[in-house]
Amino acid sequence: MSKIKDVTLSFPPSDSTDIVGYKLYLETAPTEVTHESPSHDLGNNTSVLLNTILGTIDGVYNIGVVSVDDAGNESDFSLMADVPLDFVPPGPPGSLTITLS
Amino acid sequence: MKKLLKVFLIIGLSIFLAITPAMSAIQYDYVTYYMLTSEDITLAWTNTAAGVITFDVYVERVEWAEIVSKYTGIEATEYTITLPKAGLYILMVRAKQDLTSLEITSINGMDRPSLLQFIQDNNIADIVGDITELTDQEIKDAIISAGKASTWSKSTTHGVVDGADRGWWIYGYIAKPGPIVIGSTRELIQVDVIWLRDTWANM
């Protein structure tokens, strides 16, 4: 049975005082992240396990995180571009042979 | 009939040509200043009145047409604030002055219509509040407590902000989170193991 490495995304919180949560936006590179990109509500969490969002889909991603205030306004993006994420474990080694000398 | 139509057309065209440049002038004389809600903004002004003066700074949320913050009794000619939330704002300032003993004597001798006129002339209706249920004496006390106030100078008033011939809106937006960090749980565990090893070695 293979073991998939956990990949955690984290960030320091916003300085604004009326923040009620954060949202994560993802795009497959080279598409740039915008407020229309697929998003995931992070609630109050400032870290998230990417495996739970992306499953085992390998790829190179553009990632953006925004803060959200109590009126639903979203901040500018905190961005990380061209992030290679590898969730698929390598295939197992081939047939083992033992040679007696 | 045709002559009349022609006259109307000429008048209409003249009005349109006169209004259009004025409208575009108003549009270009306003600037929106963008800032984070976590940033400080300093409003400064000059004192144009003599005597002991304090100032009030109010923050109006434009979308709600509502005063959302009031800072009163300011003695300096500048004040630093932060915007309470994301949105479009106008900053406004007015001067306030206590009444002289002569003015207090005068107010104590006024009838109700004169008191109402005094409130209007001295821009203190919002300070005195609703007076419909008050007796004349209560109104006099409220006026004496309120003092006199100037009209408001607003950030959207031409020539007030930065001495430029234009007004300012202030738009506050929320701060983004800090820089993203991506790491693996395995690496975090590794750090813990190293910390444990070092701690153990130092014991």
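Our subject is the structure that appears above.
The notes below deal with the structure included here. (Residues numbered from 1 in each chain as written. Chains lettered and ligands numbered in written order. Predicted model: local features only at pLDDT ≥ 70, side-chain atom pairs only at ≥ 80, totals over all residues.)

Some remarks on the packing of helix 3 (residues 112-121) of chain B against helix 5 (residues 136-146) of chain B
Residues and elements named next belong to chain B.
So, point 1. Contact geometry for helix 3 and helix 5: axes closest at 10 Å, N-to-C directions at 25°. Relative to helix 5, helix 3 is oriented roughly parallel. In this structure, helix 3 meets helix 5 at a crossing whose hand is left-handed. Listed contacts from helix 5 to Arg-112, Leu-115, Phe-118 and Ile-119 of helix 3 are Asp-136, Ile-139, Lys-140 and Ile-143.
So, point 2. When grouped by side-chain class, the residues that make up the contact of helix 3 with helix 5 number five nonpolar, no polar and three charged. (Axes fitted to C-alpha atoms, helices over the stretch in contact; angles between N-to-C directions. Helix = DSSP H or I, 4+ residues; strand = E, 2+ residues; numbered from the N terminus. Parallel < 35°, antiparallel > 145°, perpendicular 65-115°, else oblique. Left-handed = near helix turned anticlockwise from the far one by under 90°. Contact = placed C-beta atoms within 7 Å. Nonpolar A, V, L, I, M, F, W, Y, C, P; charged D, E, K, R; others polar.)

As for the interface of chain B and chain A
So, point 1. Each partner contributes residues to the interface: chain B has 19 residues there, and chain A has 29 residues.
So, point 2. Residue assignment for the side of chain B that touches chain A shows that the elements contributing at least two residues are strand 10 (181-184) and helix 6 (185-202) of chain B.
So, point 3. If you tally residues by element for the side of chain B that touches chain A, the top one is strand 10 of chain B, at four residues.
So, point 4. Taken together, the residues of the side of chain B that touches chain A break down into ten nonpolar, six polar and three charged.
So, point 5. The pairing of strand 1 (residues 7-10) of chain A with strand 10 of chain B spans four bridges and is classified as antiparallel. Paired with Val7(A) across the bridge in strand 10 of chain B is Ser184(B). (Pairing = 2+ DSSP bridges.)

Examining the sheet that holds strand 2 (residues 19-28) of chain A
Residue and element names in this part refer to chain A.
So, point 1. The strand order across the open sheet built from four strands is 3-2-5-6, with neighbouring strands paired in antiparallel fashion. The sheet is open, and its two borders are formed by strand 3 (39-43) and strand 6 (78-85), each paired with just one other strand. The average undirected angle you get between the axes of adjacent strands in this sheet is 25°.
So, point 2. As judged from the four bridges shared by strand 2 and strand 3, these two strands associate in the antiparallel manner. Across the sheet, the residue bridging to Tyr-22 is Gly-43, located in strand 3.

Notes on the environment of Glu60(B)
All names here are of chain B.
So, point 1. With respect to the helices and strands, Glu-60 occurs in strand 3 (residues 54-61).
So, point 2. As a C-alpha pair, Glu-60 and Tyr-89 span 29 residues in sequence and 5.5 Å in three-dimensional space.
So, point 3. If we skip the residues at most four places from it in the chain, Glu-60 touches Glu-66, Ile-67, Tyr-89, Ile-90 and Met-92.

Comments concerning the environment of Asp76(A)
All names here are of chain A.
So, point 1. Residue placement: Asp-76 occurs in the loop between strand 5 (59-69) and strand 6.
So, point 2. Here Asp-76 falls in the partly exposed class, since 14 other C-beta atoms lie within 10 Å of it.
So, point 3. Sequence separation between Asp-76 and Gly-64 is twelve residues, and the spatial gap between their C-alpha atoms is 9.0 Å. (Buried ≥ 20, exposed ≤ 12 C-beta atoms within 10 Å, placed from the backbone.)

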